[in-house]
Amino acid sequence: MPQNAFSTSSPIQLNKKIFSWTDRVYITIYAPDFNSDPNIIDEIGVTADDKITVSTSGHSIPYRLVETGPNTGIFSGYVTLTGDPALKGSTGVDGQGTNPTGIQSTCSPTCGPTNGFLPSSNNDGVTVSFEYNRNEVVTGSGTISWNQGSIQWLQSSYPVNSQAIVQITDPDMNLNPGAIDKFDTSVWSDSDSGGINLTMTETGPNTGIFQGTVYLTTDLRSAGSRLHVSPGDTITAEYTDNTLPLPYSPSDQLRLTATTTAGTVLAPLEQAALSNARIVDSTGKVLSKVNVNQQIQVVSDVTNQQKRDQPFAYLVQIQDNNGITVSLSWITGSMTPGQTLSLGQSWLPSTAGTYTAQIFVWQSISSPNALAPSLPLQIRVE
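All values reported here derive from a predicted model rather than from experimental measurement. (Residues numbered from 1 in each chain as written. Predicted model: local features only at pLDDT ≥ 70, side-chain atom pairs only at ≥ 80, totals over all residues. Heavy atoms only, no water.)

**Student:** Can you help me understand the layout of surface pockets in this one?
**Tutor:** The gaps left among the atoms become clear once a water-sized probe is rolled over them. Its volume calculated, the second largest pocket comes out at about 200 Å³. As for the second largest pocket, its lining consists of 15 residues, and the residues nearest its centre are Asp-94, Gln-96, Asp-184, Thr-185 and Thr-240. Counting residues per element, the ones that place at least two in the lining of the second largest pocket are strand S15 (182-189) and strand S19 (234-241). For the lining of the second largest pocket, the element with the most residues is S15, which contributes four residues. Considered class by class, the residues forming the lining of the second largest pocket number four nonpolar, eight polar and three charged. (1 Å grid on protein atoms, 1.4 Å probe; cavity = no way out; pocket = protein on both sides within 12 Å on 5 of 7 lines; lining within 4 Å. Points joined across faces, edges and corners; volume = space filled by probe spheres on them. Helix = DSSP H or I, 4+ residues; strand = E, 2+ residues; numbered from the N terminus. Nonpolar A, V, L, I, M, F, W, Y, C, P; charged D, E, K, R; others polar.)

Below is the structure:
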């Protein structure tokens, strides 16, 4: 029986610190003293001298792990968490009765290295214990928690009569890590508020990422994965998350939505138009020249050329004839489809000279994506 089985301070390692309730828990134990034969693949967890137990709250199974190769002294395997159907009952995690299995392995005398199943809840933990000497035990553990999901369209706009893809990320809906899971979600448009129930399909076993393809049509009625739209429509996808982390309770729900637009996508610099740059005084009179210490406004017209609301930042940068910036100011707001706004920023010149105002319209200050080409304006101060 080994007296000093470990040469590392963390002999048991799990692949994550936080698991979802139906995750796979990959276990690695570093135990070089249990590499009894350098020419074969050894096992641990099969005798009274090397017992392994994997546990969640109220559930445990004896387990065995196998060496990763001859003479490595590293032993591995995985256990599959199977959730707790009682947490969601007849409504299920999707509101339609779908639940995890909640099964537990009954293998004898031990399970492993890959056929272990353990029920788990939304506020739980998983612990692996290895008794390498009588009454000498090392452990490794992780927490089990539900996750808050997210939903998004892969593009901000799609042409009509094309395909649009919506994506939902929620590890809690990965009910079977060995298979591709599916569930339905709601999608509708301005032209069809009733919309469709869209099947969301996991991108692969154990990813927790689900995608659904919507076929946008202007000619046909909505049916199946086909959605009737008109140019300029807002398309909305909704996901109701029934498995929320603390401090939510198991009975809580969270409605998540994402939107995209049906219509031709404009080039970035064609999303808005910037025109008619001018200098005005406090009464709104257009000026051809400016006096020192005269309060003025640098004004231009901004038009939203899209069929959707557009947030914006309107910036005015003023430089002297040496290219030195003497003023930089901005305002932010939002324009409705096709709306034109006359926007201005004030400036009080303190020195005579020739200045250049450069006018910009961006998506926002934090996202400086130009919606239109910048517009220059020369200012003569006397």
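**Student:** Could you clarify how one ought to interpret the nonpolar core in this entry?
**Tutor:** Across soluble globular proteins, nonpolar side chains show a tendency to be buried alongside one another. Counting 52 residues, the largest nonpolar core has Ile-27, Ile-29, Val-54, Phe-130, Trp-153 and Val-187 as the members making the most contacts within it. Among the elements that take part in this core, strand S10 (residues 123-133) stands out by supplying four residues, more than any other. Aside from chain neighbours lying at most four places away, what touches Ile-27 is Gln-13, Leu-14, Val-54, Leu-65, Phe-75, Ser-76, Gly-77, Val-79 and Val-128. Grouped together as the second largest cluster of nonpolar side chains are 24 residues, Leu-287, Ile-318, Tyr-355 and Ala-357 included. (Core = buried A, V, L, I, M, F, W, Y, C linked by side-chain atoms within 4.5 Å. Buried < 20%, exposed > 50% of the residue type's maximum accessible area, 1.4 Å probe, protein only. Contact = heavy atoms within 4.5 Å.)

**Student:** Honestly, the pairing of strand S20 (residues 254-262) in this entry has me stumped. Any pointers?
**Tutor:** Within a regular strand, side chains alternate between the sheet's two faces. Both strand S13 (residues 157-158) and S20 contribute to a ladder of two bridges, which runs parallel. Counterpart to Tyr-158 in the pairing with S20 is Ala-262. In this structure, S19 lies alongside S20, joined through eight bridges in antiparallel fashion. By the bridge assignment for S20, Thr-240 is matched with Arg-255. (Pairing = 2+ DSSP bridges.)

**Student:** How do you make sense of the state of the cysteines when you look at a structure like this?
**Tutor:** Across all of its chains, the model carries one disulfide by this definition. Disulfide partner of Cys-107: Cys-111, at an S-S distance of 1.6 Å. Note on the Cys-107 and Cys-111 pair: the S-S dihedral is about 115°, so by sign convention the disulfide is right-handed. (Disulfide = S-S within 2.5 Å.)

**Student:** Explain the sheet that holds strand S2 (residues 18-19) to me, please; I cannot follow it from the model alone.
**Tutor:** By definition, the strands of a sheet pair up through backbone hydrogen bonds, in either a parallel or an antiparallel sense. One open sheet accounts for five strands, arranged S2-S11-S10-S5-S6; its pairing is mixed. Strands at the two margins of the open sheet, each flanked by one partner only, are S2 and strand S6 (59-63). As defined by bridge partners, S2 adjoins strand S11 (residues 136-145) across two bridges and the pair is classed as parallel. Pairing of Ile-18 across the sheet is with Thr-143, part of S11.

**Student:** How should I be thinking about the side chain of Thr-260 in this particular structure?
**Tutor:** By the secondary structure assignment, Thr-260 is in strand S20. What makes Thr-260 buried here is its relative accessible area of 1%. Within the structure, the side chain of Thr-260 is placed 2.9 Å from the backbone oxygen of Ser-156, a separation counted as a polar contact. Here Ser-157 takes part through its backbone nitrogen, which lies 3.3 Å from a polar atom of the side chain of Thr-260. The residues contacting Thr-260, other than those within four sequence positions of it, are Trp-153, Gln-155, Ser-156, Ser-157, Tyr-158, Asp-233, Thr-234 and Ile-235. (Polar contact = N/O pair within 3.5 Å; in protein donor to acceptor, adjacent residues only side chain to side chain.)

**Student:** What is the right way to read unusual backbone geometry from this model?
**Tutor:** With an omega of 0°, the peptide bond between Gly-112 and Pro-113 qualifies as cis. Here Pro-113 is to be found in the loop between strand S8 (74-81) and strand S9 (116-118). With an omega of 15°, the peptide bond running from Leu-246 to Pro-247 counts as cis. Examined against the element boundaries, Pro-247 turns out to sit in the loop between S19 and S20. Here Asn-206, not a glycine, exhibits a phi torsion of approximately 70°, which is positive. Looking at the secondary structure, you find Asn-206 in the loop between strand S16 (196-202) and strand S17 (209-217). According to the relative accessible area criterion, Asn-206 is partly exposed, its value standing at 28%.

**Student:** Sorry, what's going on with the sheet that holds strand S22 (residues 296-304) here?
**Tutor:** Strand order in the open sheet formed by three strands is S21-S22-S25, and the pairing between neighbours is antiparallel. The outermost strands of the open sheet, each flanked by one partner alone, are strand S21 (272-280) and strand S25 (340-347). Between one strand and the next, the sheet's axes are offset by a mean angle of 20°, whatever the strand orientation. (Axes fitted to C-alpha atoms, helices over the stretch in contact; angles between N-to-C directions.)

**Student:** I tried to follow the side chain of Asp-281 on my own but got confused; where do I start?
**Tutor:** Considering the arrangement of structural elements, one finds Asp-281 in the loop between S21 and S22. We note that Asp-281 is buried and unpaired, the nearest opposite charge coming from Lys-285 at a distance of 5.7 Å. Apart from residues no more than four positions distant in its own chain, Asp-281 is found in contact with Leu-287, Gln-294 and Gln-295. (Lys, Arg positive; Asp, Glu negative; His and termini not counted. Salt bridge = Lys/Arg side-chain N within 4 Å of Asp/Glu carboxyl O.)

**Student:** In this structure, what is going on with a nonpolar patch on the surface? I would like to understand it.
**Tutor:** A cluster of nonpolar side chains, Leu-328, Trp-330 and Ile-365, forms an exposed patch at the surface whose accessible area comes to about 280 Å². Inspection of the secondary structure assignment puts Ile-365 in the loop between strand S26 (353-362) and strand S27 (375-381). (Patch = residues over 30% accessible without salt bridge, like charges linked within 9 Å, V, L, I, M, F, W, Y side chains within 5 Å. Areas by Shrake-Rupley, 256 points an atom, 1.4 Å probe, with all protein chains shown as cover.)

**Student:** Just checking my understanding: could you explain the confidence of the model for the protein for this structure?
**Tutor:** As a note on interpretation, predicted positions should not be read in detail where pLDDT is low. Looking at the protein as a whole, the pLDDT averages 92, with 97% of positions reaching at least 70. Predicted confidence is poor over residues 1-8, with pLDDT under 50, and the contacts of this stretch with residues over four places away or in other chains come to 24 contacts. (pLDDT = per-residue confidence, 0-100.)

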